[in-house]
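The residues making up each chain are set out below.
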Amino acid sequence: MTNRIDLAKKAPKVYRAMIALDAAAREGLDEQLAELVRIRASQLNHCAYCLNMHTVDARKGGETEARIYLLNAWQEAGDLYTEKEQAALQLTEAITVLSSHEYVSDEVYERAAKHFGEEELAQLIALIFTINSWNRIAVSTRKVPDVH
């Protein structure tokens, strides 16, 4: 599989706007939590490029191999993830897998709201929709991870 189009070169204003949005969405969030959210959304969206990037970044940030490997099964991993991280991951899944039959339920939203103040929750939601946008950019343009 090869890259289709380089969005940064062919739509530079859009790409720069995404970079600015990404920076704004990360403000005030714990970076370790943010990487877990980015990895989980990228798993759900089958985005190899973003999965590679964010697992590398998570390791550089001190994340353990076990927590990275088990992220796809976080609900079954016991107390490996904190309650706050679990609430963030559940919200990530609800926002990422929107369909006509699924939505962000009050229960999921309220669980997240217990662990995040309003401003931090707003930033978390922004982070989730931003990584979903990056995933869609990478998948649709067939960005290939550099794993060599």
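The structure under discussion appears in the preceding block.
Our subject in this report is the structure included herewith. Counting from 1, residues in each chain are numbered in the order their sequence is written. Owing to the predicted nature of the model, reporting of local features is limited to residues with pLDDT of at least 70; listing and counting of side-chain atom pairs is limited to 80 or more, with chain, interface and lining totals taken over all residues. Only heavy atoms go into the side-chain values, all of them from the structure, while hydrogens and water stay out.

### Structural notes on the overall build of the protein
Put simply, the test is: What counts as a helix is a DSSP run of H or I of at least four residues, what counts as a strand is a run of E of at least two, and both are numbered from the N terminus. In this description the radius of gyration comes from C-alpha coordinates, and the expected globular size is given by 2.2 Å times residues to the power 0.38. Exposure categories follow from relative accessible area, calculated using a 1.4 Å probe and restricted to protein chains: below 20% of the type maximum is buried, above 50% is exposed, and the middle band is partly exposed. Note on contacts: a residue pair is in contact if any heavy atoms of the two residues lie within 4.5 Å. With residues, only the protein chains shown are counted as cover, and all accessible areas are computed by Shrake-Rupley using a 1.4 Å probe. For this count, His and the chain ends are skipped, Lys and Arg are scored as positive, and Asp and Glu as negative. Every charge is mapped to an atom, namely NZ of Lys, CZ of Arg, CG of Asp or CD of Glu.
When helices and strands are counted, the protein shows 8 helices and 0 strands. Sequence-ordered secondary structure for the protein, helices as α and strands as β, is α-α-α-α-α-α-α-α. Relative to the globule expectation of 15 Å for 148 residues, the C-alpha radius of gyration of the protein, 15 Å, shows essentially globular dimensions. Considering only C-alpha atoms, the protein reaches an extent of 40 × 30 × 30 Å along its principal axes. A burial count over the protein gives 38% of its 148 residues as buried. Restricting to contacts in the protein with at least 6 residues of sequence separation, those with at least 24 account for 70%. With an accessible surface of roughly 8,700 Å², the protein has 54% of that area assigned to carbon and sulfur atoms. Seen as two clouds, the 17 positive and the 22 negative side-chain charges of the protein have centres 12 Å apart.

### Observations regarding the pattern of salt bridges
Our working definition: By definition here, a salt bridge exists when the distance from a side-chain nitrogen of Lys or Arg to a carboxyl oxygen of Asp or Glu is within 4 Å.
In this structure the tally under the stated criterion is 9 salt bridges. Linking D22 and R26 is a salt bridge whose minimum nitrogen-to-oxygen distance equals 2.5 Å. Of this pair, D22 and R26 both sit in helix 2 (residues 12–26), separated by 4 residues, roughly a single helical turn. Overall, D22 belongs to the buried group, its relative accessible area being 15%. Take R26: its relative accessible area is 32%, and that puts it in the partly exposed class. For R67, the salt bridge identified is with E63, shortest N-O distance 2.5 Å. The network of salt bridges with common partners includes E31, E35 and R38.

### Some remarks on the packing of aromatic side chains
Quick reminder of the rule: Each aromatic pair joins two rings of Phe, Tyr and Trp (for Trp, the six-membered one) with centres within 6.5 Å, and gets the label stacked for planes under 30 degrees apart, edge-to-face for over 60, and tilted for any other angle.
Scanning the entire structure with this criterion turns up 1 aromatic pair. Look at Y15 and W134: their rings are 5.5 Å apart centre to centre, the planes differ by 75°, and that puts the pair in the edge-to-face class. With Y15 in helix 2 and W134 in helix 8 (residues 118–140), the pair connects residues that are 119 residues apart, well separated along the chain.

### So, the packing of helix 3 (residues 31–44) against helix 6 (residues 83–96)
Two quantities define a packed helix pair, namely the angle between the axes and the distance from one axis to the other. Which entries qualify depends on this criterion: Fitted lines through C-alpha atoms give the axes, limited to the stretch in contact for helices. The angle between two N-to-C directions lies from 0 to 180 degrees. Two helices that cross are described as forming a left-handed crossing if the nearer one is turned anticlockwise from the farther one by less than a right angle, and a right-handed crossing if clockwise. For this classification, the nonpolar set comprises Ala, Val, Leu, Ile, Met, Phe, Trp, Tyr, Cys and Pro, the charged set comprises Asp, Glu, Lys and Arg, and every other residue, Gly included, is treated as polar.
Helix 6 packs onto helix 3 with a crossing angle of 35° between their chain directions and a minimal axis gap of 10 Å. Remark: the crossing between helix 3 and helix 6 carries right-handed chirality. Every residue of helix 6 that contacts helix 3 at L33, L36, V37, R40, A41 and L44 is listed here: E85, A88, L89, T92, E93 and T96. Class assignment for the residues of the contact of helix 3 with helix 6 results in 7 nonpolar, 2 polar and 3 charged.

### Re the packing of helix 6 against helix 7 (residues 106–115)
Two elements in contact, helix 6 and helix 7, have axes whose closest approach is 9 Å; the angle formed by their N-to-C orientations is 145°. When the axes of helix 6 and helix 7 are compared, the crossing they make is left-handed. Across the interface between the two elements, E83, K84, Q86, A87, Q90, L91 and A94 of helix 6 pack against V108, R111, A112 and H115 of helix 7. When grouped by side-chain class, the residues that make up the contact of helix 6 with helix 7 number 5 nonpolar, 3 polar and 3 charged.

### A look at helix 3
Within an α-helix, residues lying three or four positions from one another point in the same direction, as the helix has 3.6 residues per turn. The test is simple: What a helix should span is 1.5 Å times the count of its residues minus one. We call two N or O atoms a polar contact when they sit within 3.5 Å, provided that within protein one can donate a hydrogen and the other can accept it, with sequence-adjacent residues counted only if both atoms are side-chain atoms.
Helix length check: helix 3 (14 residues) gives 20 Å between terminal C-alpha atoms against 20 Å at 1.5 Å per residue, within 8%. Extensive coverage of helix 3 is indicated by the burial of 11 of its 14 residues. Among the residues making up helix 3, those that are buried are L33, A34, E35, L36, V37, R38, I39, R40, A41, S42 and Q43. The inward-facing, buried residues of helix 3 abut helix 2, helix 4 (48–60), helix 5 (65–69), helix 6 and helix 8. Looking at where helix 3 begins, the residue whose side-chain oxygen comes 3.2 Å from the main-chain nitrogen of Q32 is D30. After helix 3 finishes, the residue H46 shows a positive phi value of roughly 55°.

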